[in-house]
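Each chain is listed here by its residues.
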Amino acid sequence: GRKDLDFSVYTIGGTTTPGSLYSPWEFNWKRDADFPDGVKTHAHAPPIFNHGLVNLRGNNYDEAAVLAAQTQMYKIYAITAIRSAIKYGWKAYGSGSFSDKYLAEGALYWRSASGYLSTFNKATVQEIDAIFDLTKTNFTLQDACNVKTKVESL
């Protein structure tokens, strides 16, 4: 809604790349660096935020434009969550040396946008959720491959 997007304007922080340490924008910037051939989500975010902000203020309020900006930001964060699921799925597998730390990172970064992604394919999202089950004591090569295949299908 309106307040949510207004608040999200402040998620960038700072004036340098990557901006505020631990900010959502830094999260985008880091995953962009991990996937150098993909869309640069951190570069797309500021214009979307600004478009949303302009359409929130004063007499310029335009609900349709605000909702469009909100949807675009959901997509930006979904791309970043998908990239994180792929990255941390492989790190959780660790070439056969399971890492519960990376399982947790993969699971929680994935969940940052899995709710939005479930609007496209709830069953696939639930399957990915199950792969990133935090009670696991093992993460196989097949798990890592399944994460990649399933997120790419969304």
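(A) The arrangement of the overall build of the protein in detail. Counting secondary structure elements, the protein contains 7 helices and 0 strands. The order of helices and strands in the protein, counted from the N terminus, is α-α-α-α-α-α-α. The burial tally for the protein puts 40% of its 154 residues in the buried class. At a minimum sequence separation of 6, the contacts of the protein that also span at least 24 residues come to 60%.

(B) Broad picture of the side chain of Arg31. Relative to the elements of secondary structure, Arg31 occurs in helix 2 (residues 24–34). A residue is classified by how much of its surface remains accessible, and Arg31, at 4% relative accessible area, is buried. Non-local contacts of Arg31, meaning those with residues more than four positions away in its chain, are made with Thr80, Arg83, Ser84, Lys87, Tyr88 and Tyr109.

(C) Inspection of helix 4 (residues 63–93) at higher detail. With 31 residues, helix 4 extends 44 Å from end C-alpha to end C-alpha; this agrees with the ideal 45 Å at 1.5 Å per step. Just beyond helix 4, the residue with positive phi is Gly94, at close to 55 degrees.

(D) Quick look at the packing of helix 6 (residues 122–131) against helix 7 (residues 141–153). Where helix 6 contacts helix 7, the two axes come as close as 10 Å, and the packing angle between them is 155 degrees. Considering the angle they form, helix 6 stands roughly antiparallel to helix 7. For the crossing formed where helix 6 meets helix 7, the hand is left-handed. Listed contacts from helix 7 to Thr124, Glu127, Ile128 and Ile131 of helix 6 are Asp143, Asn146, Val147, Lys150, Val151 and Ser153.

(E) Structural context of the nonpolar core. By size, the foremost hydrophobic cluster in this structure holds 21 residues, and its most contacted members are Trp110, Leu117, Phe132, Phe139, Val147 and Val151. Counting only elements with at least two residues in this core, the list comes to helix 4, helix 5 (100–117), helix 6 and helix 7. Sort the elements by how many residues they give to this core and helix 4 lands first, with 7 residues. Trp25, Ile48, Met73 and Ile76 belong to the second-largest nonpolar core, a separate cluster that totals 8 residues.

(F) Highlighting the pattern of salt bridges. Counted by the stated rule, this structure contains 6 salt bridges. With a closest N to O distance of 2.7 Å, Asp34 and Arg31 form a salt bridge. Separated by 3 residues within a single helix, Asp34 and Arg31 lie in helix 2, roughly one turn from each other. Lys87 is the partner of Asp34 in a salt bridge, and the nearest nitrogen-oxygen pair spans 3.0 Å. With Asp34 in helix 2 and Lys87 in helix 4, this pair connects stretches of sequence that are 53 residues apart. On the basis of relative accessibility, which here comes to 22%, the residue Lys87 falls in the partly exposed class. When salt bridges with common partners are traced through the structure, they connect Arg31, Asp34 and Lys87 into a single cluster.

(G) Quick peek at the packing of aromatic side chains. Taken as a whole and assessed by the stated rule, the structure comprises 7 aromatic pairs. Relative to Tyr116, the ring of Tyr74 lies with its centre 5.3 Å away and its plane at 45 degrees, an arrangement referred to as tilted. Within this pair, whereas Tyr74 is found in helix 4, its partner Tyr116 is found in helix 5, the two being separated by 42 residues in sequence. By relative accessible area, which is 38% here, Tyr74 ends up partly exposed. In this structure Tyr116 comes out as buried when scored by relative accessible area, which is 19%. Measuring from ring centre to ring centre gives 5.8 Å for Tyr88 and Tyr102, while their planes differ by 25 degrees; the resulting arrangement is stacked. Remark: Tyr102 occurs in helix 5 and Tyr88 occurs in helix 4; sequence separation between them is 14 residues. A relative accessible area of 22% means that Tyr102 is categorised as partly exposed. Taken together through their ring pairs, the aromatic side chains of Phe27, Tyr88, Tyr102 and Tyr109 make up a single cluster.

About the thresholds
Residues numbered from 1 in each chain as written. Predicted model: local features only at pLDDT ≥ 70, side-chain atom pairs only at ≥ 80, totals over all residues. Heavy atoms only, no water. Helix = DSSP H or I, 4+ residues; strand = E, 2+ residues; numbered from the N terminus. Buried < 20%, exposed > 50% of the residue type's maximum accessible area, 1.4 Å probe, protein only. Contact = heavy atoms within 4.5 Å. Expected span 1.5 Å × (residues − 1). Axes fitted to C-alpha atoms, helices over the stretch in contact; angles between N-to-C directions. Parallel < 35°, antiparallel > 145°, perpendicular 65-115°, else oblique. Left-handed = near helix turned anticlockwise from the far one by under 90°. Core = buried A, V, L, I, M, F, W, Y, C linked by side-chain atoms within 4.5 Å. Salt bridge = Lys/Arg side-chain N within 4 Å of Asp/Glu carboxyl O. Phe/Tyr/Trp six-rings, centres within 6.5 Å; stacked < 30°, edge-to-face > 60°.

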